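# Geometric and topological summary
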Amino acid sequence: MIYAFGEQLTEITLEQAALDNNPAIFITTSADCYEILQRAGISYEGEINLEDAVFCKLEVQQDCLYGTLAIPRLLDVLGSRYRMLLFVNRSNIVIVDDQGFAERILKRIKRKKLHQGETKEHFLYNFFTEFMSKDSTVLEDFERSIMAMEDNILHEKNQSNQDYQRQMMPIRRQLLILRSYYEQLVEVGNAFEENENRFFAKKQLKYFGTLTDRADRLMGRTMHLIDYAKQVTDAYQAQVDAKQNNNMQFLTIISTIFLPLTLITSWYGMNFEDMPELKNGYPVIICLCILVIIICIIIFKKKKIL
């Protein structure tokens, strides 16, 4: 698909783009990429392989800007990504996409934006911000999930460590992936803003500054959620440690009480001939054991262990 720049993006044919020599946006697949690059006046001698687009970056080459985009699927951040290649020269933009994602983005831009792309800069701004438009909502969902886990901890709802880790670990992994993704977008925005090849008008560079700020805010919010998840994990671990300490304290009390009782019973179990209270000492031993238990309880009360 080919679109002519303008306040409203207009779909044109390849012949129209070639005859009028007008700046245009070319969306193509990797199979037709070399032909379209030649029609767009972009010289690129490297290999076109969308599998190489493993992260977002922008490289400055002699005749063009070359970029790769690896965009996480918001419904499955840990899964496969949308992969695209981006070529920009002084007049044209070429987007290489085998998954149809770029076309869906353009349709959303045409449906939602009044000013869809009068210039290359404005179009690139709309394109990047459109596939970032739902990210804030996704981060809010992550925040609500972490808050729900925190509420469970505060209300001491029974939850095994395995269940907790099963919920928290995917969230942390997704947030780490998104943080790296937004950091890459910040670097892409900075590379656009540097305008090393002078492909962009100076007065239009404000779009890239806004794009960088947006990616930076998303990255900052993601880092906040990572810290929040760590704090919730620390609170959960503290609760687990407290329960273990209570269990150990209970076992310590039981052991402390039964230790002197065991000593008494083992002593009188020896049955020496001259042992005091050997014949009629059963009531005495019972009273002695009860006295030991009472003394232990009094000591524990004073120490505020019970």
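Residues numbered from 1 in each chain as written. Predicted model: local features only at pLDDT ≥ 70, side-chain atom pairs only at ≥ 80, totals over all residues. Heavy atoms only, no water.

## A short note on the overall build of the chain
Summing up its helical and strand segments, the chain has eight helices and seven strands in all. Scaling as 2.2 N^0.38, a compact globule of 306 residues should have a C-alpha radius of gyration of about 19 Å, whereas the chain reaches 35 Å, well beyond that. Expressed as a percentage of the 306 residues in the chain, the buried residues total 41%. Put simply, of all contacts in the chain between residues at least 6 apart along the chain, 63% involve residues at least 24 apart. Summing over all exposed atoms, the chain offers an accessible surface of approximately 17,800 Å²; the carbon and sulfur share of this is 53%. Once the 35 positive and 40 negative side-chain charges of the chain are each reduced to a mean point, those two points are 6 Å apart. (Helix = DSSP H or I, 4+ residues; strand = E, 2+ residues; numbered from the N terminus. Rg over C-alpha atoms; globule rule 2.2 N^0.38 Å. Buried < 20%, exposed > 50% of the residue type's maximum accessible area, 1.4 Å probe, protein only. Contact = heavy atoms within 4.5 Å. Areas by Shrake-Rupley, 256 points an atom, 1.4 Å probe, with all protein chains shown as cover. Lys, Arg positive; Asp, Glu negative; His and termini not counted. Charge placed at Lys NZ, Arg CZ, Asp CG, Glu CD.)

## Brief notes about the sheet that holds strand β7 (residues 93–97)
Across the sheet, which stays open at both edges, the seven strands sit in the order β2-β1-β3-β7-β6-β5-β4 with mixed pairing between neighbours. Lying at the two open borders of the sheet, with one neighbouring strand each, are β2 (10–12) and β4 (57–60). Pairs of neighbouring strands in the sheet enclose a mean axial angle of 25 degrees, with direction left out of account. Relative to β7, strand β3 (residues 24–28) runs parallel, the two sharing four bridges. By the bridge assignment for β7, Phe 26 is matched with Val 94. Relative to β7, helix α4 (residues 120–131) is tilted by about 25 degrees, and along the sheet it contacts β3, β5 (65–73), β6 (76–88) and β7. (Pairing = 2+ DSSP bridges. Axes fitted to C-alpha atoms, helices over the stretch in contact; angles between N-to-C directions.)

## Observations concerning a negative patch on the surface
The grouping of Glu 193, Glu 194, Glu 196, Asp 213 and Asp 216 at the surface amounts to a negative patch. Elements with a contribution of two residues or more to the negative patch: α6 (161–194) and α7 (206–268). You can call Asp 213 partly exposed: its relative accessible area is 44%. (Patch = residues over 30% accessible without salt bridge, like charges linked within 9 Å, V, L, I, M, F, W, Y side chains within 5 Å. Salt bridge = Lys/Arg side-chain N within 4 Å of Asp/Glu carboxyl O.)

## Some remarks on the nonpolar core
If you look at the biggest cluster of nonpolar residues, it comprises 62 residues, and the most contacted ones within it are Phe 123, Phe 127, Phe 128, Phe 131 and Phe 192. With residues up to four places along the chain from it excluded, the contact list for Phe 192 reads Leu 58, Leu 65, Leu 86, Leu 124, Phe 128, Phe 200, Leu 205 and Phe 208. Grouped together as the second largest cluster of nonpolar side chains are 21 residues, Ala 40, Tyr 44, Tyr 66 and Val 94 included. (Core = buried A, V, L, I, M, F, W, Y, C linked by side-chain atoms within 4.5 Å.)

## Quick look at unusual backbone geometry
Phi at Asn 195 takes a positive value of approximately 55 degrees, unusual for a residue other than glycine. Examined against the element boundaries, Asn 195 turns out to sit in the loop between α6 and α7. Not every positive phi belongs to a glycine, and Arg 198 is a case in point at roughly 60 degrees. The class for Arg 198 is exposed, based on a relative accessible area of 53%.

Keep in mind these values describe shape, not function.
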